[in-house]
Amino acid sequence: MIESGRAIALDCYAIGKSIPADDPIGQLFQTDLLNKSVLIKRYQPALATARLDVHVDTVVYFPYDFENPYDGGESIDFNGFGFPGFLLDKVSRGAESPEMVERVNKDVEVLSLVHSMHSLDPFMFKSRAEQQGIDKNIHPDYFAISDSEWDKIRLPIREKISRLVTKALGGSQDGQDNPTREKYIEQFLMKIWEAKDIDGIEPFVKTMKIAADRAPEVFFAWKAVCYYQVRFSDLGDDLKTLFQWTGNNDLCFPTNALEVSREEQNFLVARRDQLRDKMRAGHLKAHQVLLEYENSYNQFIEADKPQAFMDFLESKSANSYLNLAAHVSVATHSCNLWKWYMGQYGGRLDHQPFMELFDGLAALNGVE
């Protein structure tokens, strides 16, 4: 999990120890213990009666050995009851002080920001920090995204939003001969991009039939859907290769199978079928969300039929964002894990490395 990549894990210790002690911004947390922790996102199917399809936990992992975090430690759900008290006890060791309580409370605020995100992707982390107006208080190393990479993701999203804003305002899409109009569109664009408030764009929010109090989060979810659309596309080739390996009965099985009992072989085959079903279902779900989004967007832009897109923004964007975040994060982790084992051992694996990889893929994709 620690080496899964930034979609799922944020290794605070690995990042923080490279930041000089006299840095004006400094490390992410006030308490040394949290600066040596690993933050992990865990995805689980929600109950059938839940409003959202996926339940996301934020897990704080405290290694026993900070220099070797793989050697075990304590894992605590941040949203579990009593986390601030648990952290205070860990930090103070029974000797609490007002200054210590203040530091812990500030750290809980940062953790609350992290918990509000559905994944730890650097783009989404930076976007959420910007939305909350605290991005300048977080060292750029924690975002781990260059200006060029930021623009590579940002510009296509802004283009998509710009086209829709232009359409919603009822004008042509070039607008080059109307500087006032372009300035007005840019104002709308920035408000939607920042997703902080709706000051000055109330008519647009009303036209799109978005509840005013929900508009900032709807805009953020919309931007997130656009982002995960970009990430989903980037994953295409890696996922295709992983699916081909998983779908191959010879490759997705230990080479020394004769040393494995018939009972264990049958159990492995059954779990392999489950893994294939889970991976296929997750991929189809993400594809379905993006197809619905694209269809509703194109209906608005190309056919002057805004209702489907309005419905997507108002009632579906948050759940769509969550489903995409979960799938893209799990798929990214799965690809990273698979590529590491292929690089170490090649395409045919003996029993031990195969089971390590297979159990990891199964756990990520929710196979019991």
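Residues numbered from 1 in each chain as written. Predicted model: local features only at pLDDT ≥ 70, side-chain atom pairs only at ≥ 80, totals over all residues. Heavy atoms only, no water.

> Before we move on, can you summarise the overall build of the protein with the specific residues and values?
A count of helices and strands for the protein gives 14 helices and four strands. Its C-alpha atoms give the protein a radius of gyration of 23 Å, within 12% of the compact-globule value 21 Å for 368 residues. Seen through its C-alpha atoms, the protein measures out along the principal axes to roughly 75 × 55 × 40 Å. Counting all 368 residues of the protein, 47% fall into the buried class. Excluding contacts between residues fewer than 6 apart, the proportion of contacts in the protein whose partners are at least 24 apart in sequence is 65%. Split by element, the accessible area of the protein, about 18400 Å² in all, is 50% carbon and sulfur. (Helix = DSSP H or I, 4+ residues; strand = E, 2+ residues; numbered from the N terminus. Rg over C-alpha atoms; globule rule 2.2 N^0.38 Å. Buried < 20%, exposed > 50% of the residue type's maximum accessible area, 1.4 Å probe, protein only. Contact = heavy atoms within 4.5 Å. Areas by Shrake-Rupley, 256 points an atom, 1.4 Å probe, with all protein chains shown as cover.)

> Please provide a residue-by-residue account of the confidence of the model for the protein, values included.
Here the protein averages 85 in pLDDT, and 94% of its residues register 70 or above. Predicted confidence in the protein is weakest over helix H8 (residues 179-194), with a mean pLDDT of 76, and strongest over helix H11 (residues 236-246), with 95. Within the model, pLDDT remains below 50 along residues 172-176, and this stretch shows seven contacts once partners closer than five positions in the same chain are excluded. (pLDDT = per-residue confidence, 0-100.)

> Tell me about unusual backbone geometry, and please be specific about residues and values.
In the Ramachandran plot, Ala195 falls in the positive-phi region, its phi being about 55° despite a non-glycine side chain. Mapping Ala195 onto the fold places it in the loop between H8 and helix H9 (202-207). Positive phi values are uncommon outside glycine, yet Asp304 reaches one of about 55°. Counting through the fold element by element, Asp304 comes out in the loop between helix H12 (262-303) and helix H13 (307-345). Given the relative accessible area of 54%, Asp304 is considered exposed.

> How would you explain the pattern of salt bridges if you had to name every residue and give the values?
This structure, assessed with the given rule, holds 17 salt bridges. Arg154 serves as the salt-bridge partner of Asp151, at 2.8 Å between the closest nitrogen and oxygen. Of the two residues, Asp151 and Arg154 are both situated in helix H7 (residues 147-168); the distance of three residues between them amounts to about one turn of the helix. You can call Asp151 partly exposed: its relative accessible area is 29%. By relative accessible area, which is 19% here, Arg154 ends up buried. Close ionic contact of Lys339 with Asp238 constitutes a salt bridge, the shortest N to O distance being 3.1 Å. (Salt bridge = Lys/Arg side-chain N within 4 Å of Asp/Glu carboxyl O.)

> Provide a residue-level description of H11, including the pertinent values.
Turning to H11, its buried residues number three or more, namely Leu239, Leu242, Trp245 and Thr246. One face of H11 carries all of its buried residues, which in axial projection span an arc of 125°. Away from the buried face of H11 by more than 90 degrees, exposed residues Asp237 and Lys240 are located. (Arc of directions from axis to C-beta.)

> Provide a residue-level description of the layout of surface pockets, including the pertinent values.
Picture a little ball the size of a water molecule; that probe, rolled over the atoms, points out where space is still empty. There is about 1300 Å³ of room inside the largest pocket. In terms of lining, the largest pocket is formed by 44 residues, of which the most central are Val330, Ala363, Leu364, Asn365 and Gly366. Counting only elements with at least two residues in the lining of the largest pocket, the list comes to strand E2 (38-45), strand E3 (54-63), H11, H12, H13 and helix H14 (351-364). Ranked by residues supplied to the lining of the largest pocket, first place goes to H13 with 11 residues. (1 Å grid on protein atoms, 1.4 Å probe; cavity = no way out; pocket = protein on both sides within 12 Å on 5 of 7 lines; lining within 4 Å. Points joined across faces, edges and corners; volume = space filled by probe spheres on them.)

> Help me get a handle on the side chain of Arg271, residues and values and all.
Its place among the elements puts Arg271 in helix H12. Overall, the relative accessible area of 13% leaves Arg271 in the buried class. Sequence-distant contacts of Arg271, defined by excluding residues within four places in its chain, comprise Phe358, Asp359, Ala362, Val367 and Glu368.

> Account for the pairing of E2, with residues named and values stated.
Judged from the three bridges that link them, strand E1 (residues 9-11) and E2 form a sheet pairing that is antiparallel. Across the sheet, the residue bridging to Leu10 is Leu39, located in E2. As defined by bridge partners, E2 adjoins E3 across eight bridges and the pair is classed as antiparallel. Counted as the bridge partner of Pro45 is Val54 from E3. (Pairing = 2+ DSSP bridges.)

> Please set out the packing of aromatic side chains residue by residue, giving values where relevant.
Tallied over the full model, the rule gives 21 aromatic pairs. Note on Trp245 and Trp338: the rings are 6.3 Å apart at their centroids and 65° apart in plane angle, and the pair reads as edge-to-face. With Trp245 in helix H11 and Trp338 in helix H13, this pair connects stretches of sequence that are 93 residues apart. Of the two residues examined, Trp245 and Trp338, each falls in the buried class. (Phe/Tyr/Trp six-rings, centres within 6.5 Å; stacked < 30°, edge-to-face > 60°.)

> Hey, could you go over the state of the cysteines for me, with residue numbers and the actual values?
Counted under the stated rule, the structure contains zero disulfides. The structure places no disulfide on Cys252, whose sulfur is separated from the nearest cysteine sulfur, that of Cys335, by 14 Å. (Disulfide = S-S within 2.5 Å.)

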